[in-house]
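As a plain string of letters, each chain reads:
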Amino acid sequence: MTDIRKIFLDYFKNTGHRVVPSSSLVPHDDPTLMFVNSGMVQFKNIFLGLEKRDYQTATTAQKCVRAGGKHNDLDNVGYTARHHSFFEMLGNFSFGDYFKEQAIHHAWQVVSQELKLPRDKLCVTVYHDDESAYNLWKKIAGLPDDKIIRIATNDNFWQMGDTGPCGPCSEIFYDHGDKIFGGPPGSKDQDGDRFVEIWNLVFMQYEMQAAGKRIDLPRPSIDTGMGLERITAVLEGVANNYDTSLFTPLIAAVEAALRQKPTEKTIASFRVIADHLRAMAFLVADGVAPSNEGRGYVLRRIMRRAMRHAHMLGNDRPLFGRLLPSLIDVMGGHYNELSKEQKNINQVFLREEEQFEELLARGMGLLNKEIEKIPAGKDLPGAVAFQLYDTFGFPLDLTIDIMRGDGRGVEVAGFDKAMAEQKKRGKESWAGSGDNKQAPIWFALKEKHGETKFLGYDGLSGDGAVIALLDNELQSMAQLPAGDDCWLVLDQTPFYGEAGGQKGDRGTLDINGVQYQVKDTKKYQGIIVHHITATENRGAVKIGDKVSARVDEAWRNGVRANHSATHLLHEALRQELGSHVAQKGSLVANDHLRFDFSHHEAIDAARLAQIESAVNDRVARGGRVITKTMDKPTAEQLGAIALFGEKYGDAVRVVFMGAATDKSANNERQHFYSIELCGGTHVADVAEIEHLMIEREESVASGVRRVTAITGKAMVHKKLEIEINAWQAKIKAANKASVFPPVPTEIIEKQAMIKTLQQQYDAVMANNKKLAKELADKKIAAASNLSLADGEKHPSHDFIYVGKKIDGVTGRDLKPIIDNIKKNPDLANSVIALLAVDDGKVAVAIAVNGTARQAISAGDIATMAGKMLGGSGGGRPDFAMAGGSLPSTERAGGSLPATEMAGGSNITVADDTMAAIKKLVLA
């Protein structure tokens, strides 16, 4: 398998073709496709004449998926010899360089000389009126007339769309022999498996116009594709792709995991699992997350179909993570993303398998009940299939697969009708990838002027010339009328165009002495375009005008700090959570940053604090930020991280961040905290970030988490706002109610507001203290009005006992009250006992005056009271205090059983204590 790829790519490399790596399965520049489904997708704009590259011929081994949209082979996978959800396409391409003769020559050389296929086993097809292809096959391959088959149908004529490039095809077929049913192409038995198409050559020589007329293309091109799975089967002498070395190790891994061998009845399930494992792993590795819409929904359909077949084989525990190592063994040598993303792929598999078990249990219950209602031999109603889909997440093809096992089908028309009526977003039909289609104008400008020269790495200002003016419909204008907005392109600019998650710059353009505001900057195909705002009083702008451009410094500084902080955050996440963490999206603005990354679970507060601390530690230590341009393999050897979704050329810009010099050895070595491929703008030293504060962490998709954070001045603003809110809350609590002005926008104004709030709070607290003292004084005065009439004379001693439970005062108030009572001459010889309850705390004060001191000690009474209150007490013979707490039941308003000293009545602890003091004094 590996040798076939190498033989193919080496042949074309040696014949002058550029070996271009496989693109991601996600076609970022084509909103018409869900997934890359052929080798030509990454070259589509070149074929359309919208883009030029520094090579005219190319060869690839391209990852492909056909499981959604108009290219959907999913229902057939596992039941036929050659249908797959994931496959590899080997191809060679000419963009206006060579044409039919050389394309046919290359194809024949590869199959007959490089792969050494026997000539008598091969035949070819040509479009029925393509005489040149017919004659070239006779000339180059020496094939007899009966081995060059004319096909009159559209199977042998390719079109990119209703209009645009098109041309006849020529296909190479291999004959597996008469032991297998089937006839040659064009015959009545052509659908059999005997003759298999191994290579398709598209001769792109016409342009289809709207009226259905074909005209010759000025630069005919070549697009070919040879399926790796099919050619492997041919070379290994088998007629079924699943019997090749591409699949047998995977099927063997399934056998080992499930501890069973496939039978004639179960072999389809083994093949589905092996095939879908490939699609699942590569889609997750390319950043697709299972979801309920778009690409994520197609991935979930593939996964659930595979899991259903595993379930049919008796599997009842997570399986696909156990199979992943076998896939890496088979394909990881050529596609290292599998091993790099292994942990993340495992986690996504596990999570989906756990959800599937719950889904299957619920959905199968409903399905079985509905099947019981259907007469024998009848299909499942479409409305039921839709209910399974809408309520339980059963994909339609999973229901079809289950019903197939029962020998019945599904009324798909009824399902489609229910789907249309529901009209749920993302569940009606696939309308494209959602990515922005690149307008032809950008390719045209790039072709005419080249990419915009970016001056912004070295400064915030620069001069340029207007090379294009576009209205909001992207139509070219010779000049901008006064008062209009437009998109303006310069030959060079210091403005950064939005790319790689970094927001575009803002600032001003000075044109003919008039200043225009740039409210946004974008970048398309290397063309930086400024969105300028004009006013009625400003003059016209025309092509060729000289421009003085200046970026808003505060805006750029905020963006730079947040972009550099994003790199540090990425590395901190990797160090704390694991190397599976990979960027899945980002947004870098002037006032905040947002970072999406692969991770399977929420991050708790402690780990999030650790991640934040790691970034701030790196910032506090400082360290230079260095950028270098180098080739991509060298950057990868240095450990540079390539970001998901980005396209890189042969030369890449590498950002080394947080450099620290280690002089412990004789030579200086530079150590970097973060190394990433990045074309954005950054700080000169990480210390300029000042500080990072993580605001929140959340889920945005299955297996994808998001961290939102702020740095620098934005963080200062946020902290000041938090402090303002805290002071306002304190004032409201102390003052019961308050109205505050809006929070100001400037840092100095926020600081002034905090100072004012502090002063307000101090004033409120001082006033509260004053009011509390006044209230206490009133309470003390009221409680001091005890007299001889309130007391009881001791039966045998010459003194008076005065005891009272006083409400609304604290223990601190009891001494002043007693001092006031002692001023009454009628109570010169007395024992005074006062008790106060405040917030569950009980305090007792006892004063013994005059002749009462000969019979009573205040300290003894306080000691006894303290024990009763569950606290303590004591003091001098003439004055003492005790304290304790009310039981929780009494604080809640209940009562406690009486003590022996209280004589059996139901009274509270406070009353109980006062009764005991009175009994002791008057005894």
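Residues numbered from 1 in each chain as written. Predicted model: local features only at pLDDT ≥ 70, side-chain atom pairs only at ≥ 80, totals over all residues. Heavy atoms only, no water.

Once that is clear, we can look at the overall build of the chain. Within the chain one finds 24 helices and 35 strands. In terms of overall size, the chain is more extended than a compact globule, its C-alpha atoms giving a radius of gyration of 42 Å where 923 residues would be expected to give roughly 29 Å. The C-alpha extent of the chain, read off along each of the three principal axes, is 145 × 85 × 70 Å. When each of the 923 residues of the chain is scored for burial, the buried share is 51%. Within the chain, contacts between residues separated by at least 24 positions form 68% of all contacts whose residues are at least 6 apart in sequence. On the chain, roughly 42300 Å² of surface is accessible, and the fraction owed to carbon and sulfur atoms is 48%. In the chain, the 111 positive side-chain charges and the 119 negative ones have mean positions that sit 3 Å from each other. (Helix = DSSP H or I, 4+ residues; strand = E, 2+ residues; numbered from the N terminus. Rg over C-alpha atoms; globule rule 2.2 N^0.38 Å. Buried < 20%, exposed > 50% of the residue type's maximum accessible area, 1.4 Å probe, protein only. Contact = heavy atoms within 4.5 Å. Areas by Shrake-Rupley, 256 points an atom, 1.4 Å probe, with all protein chains shown as cover. Lys, Arg positive; Asp, Glu negative; His and termini not counted. Charge placed at Lys NZ, Arg CZ, Asp CG, Glu CD.)

A few words now on the packing of helix α19 (residues 712–735) against helix α20 (residues 747–783). To characterise two packed helices, one gives the angle between the axes of the helices and the distance between these axes. The interhelical angle for the contact between α19 and α20, taken along N-to-C directions, is 20°, at an axis separation of 9 Å. Considered as vectors, α19 and α20 are oriented roughly parallel to each other. The way α19 lies across α20 gives a crossing that is left-handed. Across the contact of α19 with α20, the residue classes tally to 13 nonpolar, seven polar and five charged. (Axes fitted to C-alpha atoms, helices over the stretch in contact; angles between N-to-C directions. Parallel < 35°, antiparallel > 145°, perpendicular 65-115°, else oblique. Left-handed = near helix turned anticlockwise from the far one by under 90°. Nonpolar A, V, L, I, M, F, W, Y, C, P; charged D, E, K, R; others polar.)

What follows deals with the state of the cysteines. Enumeration over the complete set of coordinates arrives at zero disulfides. Between C166, a cysteine without a disulfide, and C169, which holds the nearest cysteine sulfur, the sulfur-to-sulfur distance is 10 Å. A residue is classified by how much of its surface remains accessible, and C166, at 0% relative accessible area, is buried. (Disulfide = S-S within 2.5 Å.)

All right, on to the packing of helix α8 (residues 294–312) against helix α13 (residues 396–405) then. In the contact formed by α8 and α13, the axes pass within 9 Å of each other and the chain directions differ by 20°. Put simply, α8 runs roughly parallel to α13. Judged by the twist between their axes, the crossing of α8 over α13 is right-handed. Within the contact between the two elements, α8 uses R301, R304, R305, R308 and H309 and α13 uses D397, L398, D401 and I402. Of the residues contributing to the contact of α8 with α13, the split by class is two nonpolar, one polar and six charged.

What follows covers the pattern of salt bridges. Under the definition given, this model contains 35 salt bridges. For K63, the salt bridge goes to D286, with nearest N and O atoms at 3.0 Å. Remark: D286 occurs in the loop between α7 (267–285) and α8 and K63 occurs in strand β2 (residues 57–65); sequence separation between them is 223 residues. Of the residues examined, K63 reaches a relative accessible area of 3% and is grouped as buried. In this structure, the salt-bridge partner of D145 is K138, at a minimum N-O distance of 2.9 Å. Residue classification places K138 among the partly exposed residues on the basis of a relative accessible area of 37%. A cluster of three or more residues bridged by salt bridges with shared partners is formed by K63, D286 and E337. (Salt bridge = Lys/Arg side-chain N within 4 Å of Asp/Glu carboxyl O.)

Summarising burial for helix α5 (residues 228–235): six of the eight residues are buried, a large majority. Downstream of α5 by a residue or two, G237 has a phi angle that is positive, lying close to 75°.

Okay, unusual backbone geometry next. Backbone geometry places R259, a non-glycine residue, at a positive phi of 55°. Mapped onto the elements of the fold, R259 is located in the loop between α6 (248–258) and α7. For R259, a relative accessible area of 79% puts it in the exposed group. Even without being a glycine, N512 presents a positive backbone phi close to 55°. Among the structural elements, N512 can be located in the loop between β17 (507–511) and β18 (514–524).

A few words now on the packing of aromatic side chains. Applying the stated criterion across every chain, the model contains 22 aromatic pairs. Their ring planes at 65° and their centres at 5.8 Å tell us that F386 and F415 sit as a pair that is edge-to-face. With F386 in helix α12 (residues 382–392) and F415 in helix α14 (residues 412–422), this pair connects stretches of sequence that are 29 residues apart. Measuring from ring centre to ring centre gives 6.0 Å for F595 and F597, while their planes differ by 20°; the resulting arrangement is stacked. The class of F597 is buried, set by a relative accessible area of 0%. Members of the aromatic cluster, each reached through a chain of ring pairs, are F43, F47, Y55, F93 and F95. Directly above the aromatic system of Y79 lies the positively charged group of R404, at a separation of 4.1 Å from the ring centroid. It is R653 that lies over the ring of Y457; its NZ or CZ is 3.7 Å from the centre. (Phe/Tyr/Trp six-rings, centres within 6.5 Å; stacked < 30°, edge-to-face > 60°. Lys NZ or Arg CZ within 6 Å of the ring centre and 35° of its normal.)

The nonpolar side chains of soluble globular proteins are, as a tendency, buried together. In this structure, L117, W137, I172, I198, W199, I231 and F320 are the most contacted members of the largest nonpolar core, which totals 112 residues. Looking at this core element by element, the count peaks at eleven residues for α7. When near neighbours in sequence (up to four residues on either side) are disregarded, W199 contacts F8, F12, N92, A107, V110, V111, S170, E171, I172, T224, G225 and M226. Judged by nonpolar contacts, the second largest core, of 28 residues, contains A565, F595, I603 and I694. (Core = buried A, V, L, I, M, F, W, Y, C linked by side-chain atoms within 4.5 Å.)

In space, the four strands of this open sheet follow the order β22-β23-β29-β28, with antiparallel pairing throughout. Only two strands of the sheet have a single neighbouring strand rather than two, namely β22 (583–588) and β28 (692–701). Taken pair by pair, the neighbouring strands of this sheet meet at an average axis angle of 15°, ignoring direction. When β22 meets strand β23 (residues 593–598), the two strands line up antiparallel, connected through five bridges. Looking at β23, one finds that S586 is bridged to F595. With respect to the sheet, α19 is in contact with β28 and β29 (704–711), its orientation differing from that of β29 by roughly 85°. (Pairing = 2+ DSSP bridges.)

Another aspect to go through is the environment of A257. Along the chain, A257 falls in helix α6. Judged by relative accessible area, A257 falls into the partly exposed class, the value being 21%. Measuring from C-alpha to C-alpha, the distance between A257 and F320 comes to 9.5 Å, with 63 residues separating the pair along the chain. In this structure A257 touches L319, R322 and L323, once residues within four positions along its chain are discounted.

With twelve of 14 residues buried, strand β10 (residues 195–208) lies mostly within the body of the structure. Pairing between β10 and strand β11 (residues 214–227): nine bridges, direction antiparallel. The residue bridging V202 from the neighbouring strand is D223, located in β11. Taking the residues between adjacent antiparallel strands as the criterion, β10 and β11 are bridged by five residues, where G212 takes a positive phi near 85°.

Residues at a pLDDT of 70 or more form 91% of the chain, whose mean pLDDT is 85. The low-confidence segment residues 423–437, where pLDDT is below 50, has 28 contacts with residues more than four positions distant or belonging to other chains. In the predicted structure, residues 661–669 sits below a pLDDT of 50 and forms nine contacts with residues beyond four places in sequence or in another chain. (pLDDT = per-residue confidence, 0-100.)

What follows covers a negative patch on the surface. Together, D316, E354, E357 and E358 give the surface a local cluster of negative charge. Here E354 shows up in helix α11 (residues 342–373). (Patch = residues over 30% accessible without salt bridge, like charges linked within 9 Å, V, L, I, M, F, W, Y side chains within 5 Å.)

Inspection of the secondary structure assignment puts L258 in helix α6. For the pair L258 and G177, spaced 81 residues apart in the sequence, the C-alpha separation amounts to 35 Å. Every residue in contact with L258, bar those within four places of it in the chain, is listed here: L313, N315 and L319.

With that settled, consider the sheet that holds strand β33 (residues 841–849). What the six strands build is an open sheet, ordered β30-β31-β32-β33-β35-β34; its pairing is mixed. For this open sheet the edge positions go to β30 (792–793) and β34 (872–875), each flanked by a neighbour on one side alone. With seven bridges joining them, β33 and strand β35 (residues 879–885) adopt antiparallel strand pairing. Bridge pairing in β35 links K841 to S885. Contacts from helix α24 (residues 909–922) reach β30, β31 (800–806), β32 (830–838) and β33 within the one sheet, and its direction differs from that of β31 by about 175°.

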